[in-house]
Amino acid sequence: MVSLIDRYGRILNYVRISITDRCNYRCRYCMPENGITWFPHEKMLRYEDIFFLVSVLQEMGVTKIRFTGGEPFVRKGFISFLKDFQSSFPEIEIALTTNGSFLSSFAEELSDIRLSGLNISLDTLDPAKFKHITRVGRLEDVLEGIKIVASLKKTPLKINTVLIRNFNDDEIIPLLELATENGAMLRLIEFMPLDDVWDKDSFISSDEIFQSLPLGKWKDITDNSPTSCVSGPAKYYRNFKWGYTLGIIAAVSHHFCDSCNRLRVTVLGEMKPCLFSNEFVELAPAIRIKDKDCLKELILKAVSMKPSGWKIIDRSGCRMSRIGG
Ligand code: SAM
Ligand code: SF4
């Protein structure tokens, strides 16, 4: 089996692909109120481009693809694409990240697809706060979607919550209850300094999140063995008394760079070796003409550029929705 290995010996077998930069929400920590200037359709990777790219990535040892965005479900034909993708790449693990707003409409069709994970973003259980943070979303859509996909019991579910001071830091218990009722794992994520939305006062470090966890004692149960469901980048904690488990993702304060196994591809076909870097390699020209050798060289170039660790040089180039958070 071939592997993509970077300068620091990390095996890169996981690629996150942003399916679209468009989104039906305008989350305050991700996008400005009026959205961003969307990339023209003709510049975005077509589905057939993604097929070609993944066929090459698979030859290079990639075993897992996560589709994200923007909101993947706003892209026309996304479900049909997923079905075709699964038939073409039966050995690739497919995972999705979504805001959950379309799940109730697509749950049945989605259940035909073997997903290794479905991550649903949900920051609050209060309808007014939900509207505030997403600017346009309706909490009931997401709750309904979670309920339906959970009832189908086909996919491991995670609920991802960006924890924001004085906004939702008092909602850990209700979110835990919701996750547990639906057989999902709650993960609390540090608010990341990207875009023009960084507000230092709202940031809560993972250490502080851990110290302030409710319900008494929490034991670290993180297990990074290959088949574990409580492995990084989150650290997982169990409250044995109440029977809850949750993850904390310290994207900012304690980086998981040493064990990072990912590459990212933006909607324009740029390969980004690191979320927190403005460096990228343009894969699109080689993809468009289906030049496999050239594409492999470009991918290797991106791999060679992967930094040992996190640093932010200039945040203005970073848009979570374009890179695929
Ligand atoms: N639209 C989908 C969603 O919201 O799940 C997928 C794309 S979104 C960019 C992926 C993830 O990035 C979401 O869980 C979102 O909460 C997270 N995210 C966006 N901006 C963030 C920020 N500044 N800090 C931490 N997480 C952020
Ligand atoms: Fe859209 Fe996801 Fe960004 Fe919210 S976090 S604006 S749902 S891409």
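Anything mentioned here points back to the structure above.
The notes below deal with the structure included here. Remember, it's a predicted structure, so these values are computed and weren't measured experimentally.

1. A closer look at the pattern of salt bridges
A side chain of one charge can pair with a side chain of the opposite charge when the charged atoms of the two come close. Evaluation of the coordinates by the stated rule reveals 15 salt bridges. Between R10 and D6 there is a salt bridge, with its nearest N and O atoms 2.7 Å apart. With its nearest N and O atoms 2.7 Å apart, the salt bridge here joins E59 to K296. Residue E59 is found in helix α1 (residues 47–59), and its partner K296 is found in helix α9 (residues 292–304); the two are separated by 237 residues along the sequence. Classification of E59 by relative accessible area gives partly exposed; the value is 36%.

2. Quick notes on the packing of α1 against α9
It is at 10 Å that the axes of α1 and α9 come closest, and there the two elements cross at 65°. Considering their axes alone, α1 and α9 lie roughly perpendicular with respect to each other. The two elements α1 and α9 cross, and the hand of that crossing is right-handed. On the side of α1, the interface is formed by F52, L53, V56, L57 and E59, while α9 contributes K292, L295, K296 and I299. Considered class by class, the residues forming the contact of α1 with α9 number 6 nonpolar, no polar and 3 charged.

3. Examining helix α4 (residues 127–134)
Those residues of α4 not exposed but buried are K129, F130, I133 and T134. Projected down its long axis, α4 shows its buried positions confined to an angular sector of 120°, all on one face. In this structure, α4 carries P127 and A128 as exposed residues pointing more than 90 degrees from its buried face. Close packing links the buried residues of α4 with α5 (139–152). Between the side-chain oxygen at the start of α4 and the backbone nitrogen of A128 there is a gap of 2.8 Å, and the oxygen is on D126. Two residues or fewer after α4 comes R135, characterised by a positive phi angle close to 70°.

4. With respect to the site of ligand 1
Lining the immediate surroundings of ligand 1 are 16 residues, of which Y29, G70, T98, S121 and M192 lie closest. G70 is positioned such that a nitrogen or oxygen atom in its backbone is 3.0 Å from a nitrogen atom of ligand 1. Elements with a minimum of two residues in the shell around ligand 1: β2 (64–69) and β3 (93–98). In terms of residue class, the shell around ligand 1 is built from 6 nonpolar, 8 polar and 2 charged.

5. A word on the pairing of β2
Judged by how many residues are buried, β2 sits mostly within the fold: 6 of 6 residues are covered. Neither face of β2 is left uncovered, since the one carrying K64, R66 and T68 and the one carrying I65, F67 and G69 both have all their residues buried. Alignment of strand β1 (residues 14–20) against β2, held across 6 bridges, turns out to be parallel. For I17, the partnering residue across the bridge sits in β2 and is F67. The handedness of the β1 to β2 crossover, carried by α1, is right-handed. Viewed along the sheet, the connection from β2 through helix α2 (residues 78–88) into β3 turns out right-handed.

Cut-offs applied
Residues numbered from 1 in each chain as written. Chains lettered and ligands numbered in written order. Predicted model: local features only at pLDDT ≥ 70, side-chain atom pairs only at ≥ 80, totals over all residues. Heavy atoms only, no water. Salt bridge = Lys/Arg side-chain N within 4 Å of Asp/Glu carboxyl O. Helix = DSSP H or I, 4+ residues; strand = E, 2+ residues; numbered from the N terminus. Buried < 20%, exposed > 50% of the residue type's maximum accessible area, 1.4 Å probe, protein only. Axes fitted to C-alpha atoms, helices over the stretch in contact; angles between N-to-C directions. Parallel < 35°, antiparallel > 145°, perpendicular 65-115°, else oblique. Left-handed = near helix turned anticlockwise from the far one by under 90°. Contact = heavy atoms within 4.5 Å. Nonpolar A, V, L, I, M, F, W, Y, C, P; charged D, E, K, R; others polar. Arc of directions from axis to C-beta. Polar contact = N/O pair within 3.5 Å; in protein donor to acceptor, adjacent residues only side chain to side chain. Near = heavy atom within 4 Å. Pairing = 2+ DSSP bridges. Right-handed = clockwise from strand over helix to strand, strands pointing away.

Note that all results are geometric; they support no functional claim without further evidence.
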